[in-house]
Amino acid sequence: MKRYALEKLVAWSRRKDGQRKPLLVGGARQVGKTWLMRELARTAYKKEAYVNFVENPEAAKAFESTLHVRDIMEILSVRSGTDITPGDTLLILDEIQ
């Protein structure tokens with residue numbers, strides 16, 4: 001299923017690091033946001049680090065215990081089961097509300 005939104009996200013992913021900001025995807029429930037982000041990871045990245053905060057509430061502790069990015073990334077890497085490599089890994093934080 002090819003979507004216009006996926007084309008826009010692939011373009012976002014190809015921006016240089018200094019031009020690419022974190023992306024917040026919002027919208028109604030059950031419209032395909034998670035599918036879209038996971039498809040972006042599959043098509044434009046080598047790896048996907050997916051953390052669902054409803055299924056894995058312990059992951060929220062990554063943000064409670066420290067403000068150091070390196071520490072947060074290490075915790076999220078463990079929670080996702082994926083070695084997070086800048087530029088190669090799309091980190092998806094789902095149900096983070």
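Let me begin by describing the structure that accompanies this report. The structure displayed is predicted, hence computed values, not measured ones. (Residues numbered from 1 in each chain as written. Predicted model: local features only at pLDDT ≥ 70, side-chain atom pairs only at ≥ 80, totals over all residues. Heavy atoms only, no water.)

### Structural notes on the overall build of the protein chain
At step 1: Of the regular secondary structure elements, the protein chain holds four helices and two strands.
At step 2: If you list the helices and strands of the protein chain from N to C, you get α-α-β-α-α-β.
At step 3: For 97 residues, the compact-globule estimate of 2.2 N^0.38 gives 13 Å, and the C-alpha radius of gyration of the protein chain, at 14 Å, lies within 12% of that figure.
At step 4: Long-range contacts, defined here as pairs at least 24 residues apart, represent 63% of the contacts in the protein chain between residues at least 6 apart.
At step 5: Distance from the positive charge centre (17 side chains) to the negative charge centre (13 side chains) of the protein chain: 8 Å. (Helix = DSSP H or I, 4+ residues; strand = E, 2+ residues; numbered from the N terminus. Rg over C-alpha atoms; globule rule 2.2 N^0.38 Å. Contact = heavy atoms within 4.5 Å. Lys, Arg positive; Asp, Glu negative; His and termini not counted. Charge placed at Lys NZ, Arg CZ, Asp CG, Glu CD.)

### Description of the packing of helix 1 (residues 4–13) against helix 2 (residues 33–44)
At step 1: Relative to each other, helix 1 and helix 2 sit at 55 degrees, their axes nearing to 10 Å. The pairing of helix 1 with helix 2 is recorded here as oblique in orientation. As for the relative orientation of helix 1 and helix 2, their crossing is right-handed in sense. Taken together, the residues of helix 2 that come into contact with helix 1 (itself represented by Ala5, Leu6, Leu9, Val10, Trp12 and Ser13) are Leu36, Met37, Glu39, Leu40, Thr43 and Ala44. (Axes fitted to C-alpha atoms, helices over the stretch in contact; angles between N-to-C directions. Parallel < 35°, antiparallel > 145°, perpendicular 65-115°, else oblique. Left-handed = near helix turned anticlockwise from the far one by under 90°.)

### Let's talk about unusual backbone geometry
At step 1: A positive phi angle, near 60 degrees, is found at Gln30, a position not held by glycine.
At step 2: Residue class for Gln30 comes out exposed when judged on its relative accessible area of 73%.
At step 3: Residues other than glycine seldom take positive phi values, yet Glu95 does so here, at roughly 55 degrees.
At step 4: Structurally, the position occupied by Glu95 is in the segment after strand 2 (89–94).
At step 5: Taking the relative accessible area as the measure of exposure, Glu95 reaches 30% and is therefore partly exposed. (Buried < 20%, exposed > 50% of the residue type's maximum accessible area, 1.4 Å probe, protein only.)

### Describing the environment of Lys61
At step 1: Examined against the element boundaries, Lys61 turns out to sit in helix 3 (residues 61–65).
At step 2: Look at Lys61 and you get partly exposed, because its relative accessible area is 45%.
At step 3: Between the C-alpha atoms of Lys61 and Leu76, which are 15 residues apart in sequence, the distance is 9.6 Å.

### Digging into the packing of aromatic side chains
We describe a pair of aromatic rings using the distance from one ring centre to the other and the angle between the two ring planes.
At step 1: The tally for this structure, following the rule as stated, stands at one aromatic pair.
At step 2: Plain terms: the ring middles of Phe53 and Phe63 are 6.3 Å apart, the flat faces sit at 40 degrees to each other, and that makes the pair tilted. Residue Phe53 is located in the loop between strand 1 (47–52) and helix 3, and its partner Phe63 is located in helix 3; the two are separated by ten residues in the primary sequence.
At step 3: The class for Phe53 is buried, based on a relative accessible area of 11%.
At step 4: Across from the ring centre of Tyr50, 4.0 Å away, lies the NZ or CZ of Arg38, which sits over that ring. (Phe/Tyr/Trp six-rings, centres within 6.5 Å; stacked < 30°, edge-to-face > 60°. Lys NZ or Arg CZ within 6 Å of the ring centre and 35° of its normal.)

### Brief notes about the nonpolar core
At step 1: Within the largest apolar cluster, twelve residues are counted, these being Leu6, Leu9, Val10, Trp12, Leu36, Met37, Leu40, Ala41, Tyr45, Tyr50, Leu90 and Ile92.
At step 2: Where this core is concerned, the elements lending two or more residues are helix 1, helix 2 and strand 2.
At step 3: If sequence neighbours within four positions are ignored, Leu9 has contacts with Leu23, Leu36, Met37 and Leu40.
At step 4: Counting eight residues, the second largest nonpolar core, distinct from the first, contains Ala49, Val51, Leu76 and Ile84. (Core = buried A, V, L, I, M, F, W, Y, C linked by side-chain atoms within 4.5 Å.)

Purely spatial values, then, with no claim about function.
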